Amino acid sequence: GESVGLHLPTLSVQEGDNSIINCAYSNSASDYFIWYKQESGKGPQFIIDIRSNMDKRQGQRVTVLLNKTVKHLSLQIAATQPGDSAVYFCAENPRGGYQKVTFGIGTKLQVIP
Amino acid sequence: DTEVTQTPKHLVMGMTNKKSLKCEQHMGHRAMYWYKQKAKKPPELMFVYSYEKLSINESVPSRFSPECPNSSLLNLHLHALQPEDSALYLCASSQGRNDPSPLHFGNGTRLTVT
């Protein structure tokens, strides 16, 4: 579920290290999950998606893991670069309601050069 | 550059003004969305158009009026807004078929209501 707060969770990572960003979702009817990256002054940008019939999907330097038992999603970024600095949102879609996309609270990733 | 274009980038308006936000996409997508995003918060869904028909209205106040003139264009008409309506307004599109697909966002209109 979502929590209401004034502060965005922040993850600080050394350049070259791997990053893991976590997300908990609340709707057990969610069928489709997406990670977005939002840089300052820009709209969210699609990174990777996964359907509920999968538990892992890999892209270029990114991997998404889905654990439906505990309703948990994670985004792994390999060899984190300064250009990866942004806010990362997970989003979920319920089965049969694919247009009703709900975003998680977001995590700010800061890459330390 | 994104494939979803929003204009204007910035807008300042008084509480008695009427203004419109515009959004355009040429990816052949048949679903278009308006989201509102406050600072340090996730985007919040406002409206969805599917095949040019309004399919979702998330109980948005009537001072926000969406319009979808054709499959490539989406407008958001603003009238008698309040200062708390100041936010980043994001337009997005998706393929719109029954299978899920990711949203493609524009870079938003930064709205300030004075």
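Summary of the structure given here. (Residues numbered from 1 in each chain as written. Chains lettered and ligands numbered in written order. Predicted model: local features only at pLDDT ≥ 70, side-chain atom pairs only at ≥ 80, totals over all residues. Heavy atoms only, no water.)

A word on the sheet that holds strand S1 (residues 4-7) of chain B. In a beta sheet, neighbouring strands are held together by backbone hydrogen bonds and run either parallel or antiparallel to one another. All names here are of chain B. Spatially, the four strands line up as an open sheet ordered S1-S3-S8-S7, and their pairing is antiparallel. Of all the strands in the sheet, just S1 and strand S7 (64-70) have a single pairing partner and so form its edges. The average angle at which neighbouring strand axes cross in this sheet is 20 degrees, direction not considered. Across five bridges, S7 lies against strand S8 (residues 73-79) in antiparallel orientation. Note that in S8 the partner of Phe 64 across the bridge is Leu 78. (Pairing = 2+ DSSP bridges. Helix = DSSP H or I, 4+ residues; strand = E, 2+ residues; numbered from the N terminus. Axes fitted to C-alpha atoms, helices over the stretch in contact; angles between N-to-C directions.)

This next bit is on the interface of chain B and chain A. Across the boundary between the two partners, chain B contributes 26 residues, which contact 23 residues of chain A. A buried area of about 1900 Å², summed over both sides, lies between chain B and chain A, and 59% of it is on carbon and sulfur atoms. Applying the counting criterion to the chain B and chain A interface returns one salt bridge. At the junction of chain B with chain A, the criterion picks out seven residue pairs in polar contact (both at pLDDT 80 or more). Of all the secondary structure elements, the ones that give two or more residues to the side of chain B that touches chain A are strand S4 (31-37), strand S5 (44-50), strand S6 (53-57) and strand S9 (87-94) of chain B. Residue contributions to the side of chain B that touches chain A peak at four residues, all from S4(B). Residue composition of the side of chain B that touches chain A, by class: 14 nonpolar, eight polar and four charged. (Contact = heavy atoms within 4.5 Å. Buried area = accessible area lost by both parts, 1.4 Å probe. Salt bridge = Lys/Arg side-chain N within 4 Å of Asp/Glu carboxyl O. Polar contact = N/O pair within 3.5 Å; in protein donor to acceptor, adjacent residues only side chain to side chain. Nonpolar A, V, L, I, M, F, W, Y, C, P; charged D, E, K, R; others polar.)

Before going further, it helps to examine the sheet that holds strand S5 (residues 56-58) of chain A. All names here are of chain A. Judged by pairing direction, the sheet is antiparallel, and its four strands sit side by side in the order S2-S7-S6-S5 without closing on themselves. Strands at the two margins of the open sheet, each flanked by one partner only, are strand S2 (19-24) and S5. Each neighbouring strand pair of the sheet contributes to a mean axis angle of 15 degrees, computed without reference to strand direction. Bridge count for S5 against strand S6 (residues 62-67) is three bridges, and the pairing is antiparallel. By the bridge assignment for S6, Lys 56 is matched with Leu 65.

Right, let's talk about the side chain of B:Gln25 for a bit. Residues and elements named next belong to chain B. Tracing the sequence through the fold places Gln 25 in strand S3 (residues 18-25). Note on Gln 25: relative accessible area 1%, which makes it buried. Among the polar contacts listed, one links the side chain of Gln 25 to the backbone nitrogen of Gly 28, at a separation of 3.5 Å. A polar side-chain atom of Gln 25 sits 2.9 Å from the main-chain carbonyl oxygen of Ser 71. The contacts of Gln 25, once residues within four sequence positions are left out, are Glu 3, Val 4, Met 32, Ser 71, Ser 72 and Ser 93. (Buried < 20%, exposed > 50% of the residue type's maximum accessible area, 1.4 Å probe, protein only.)

Geometric values such as these leave the question of function open.
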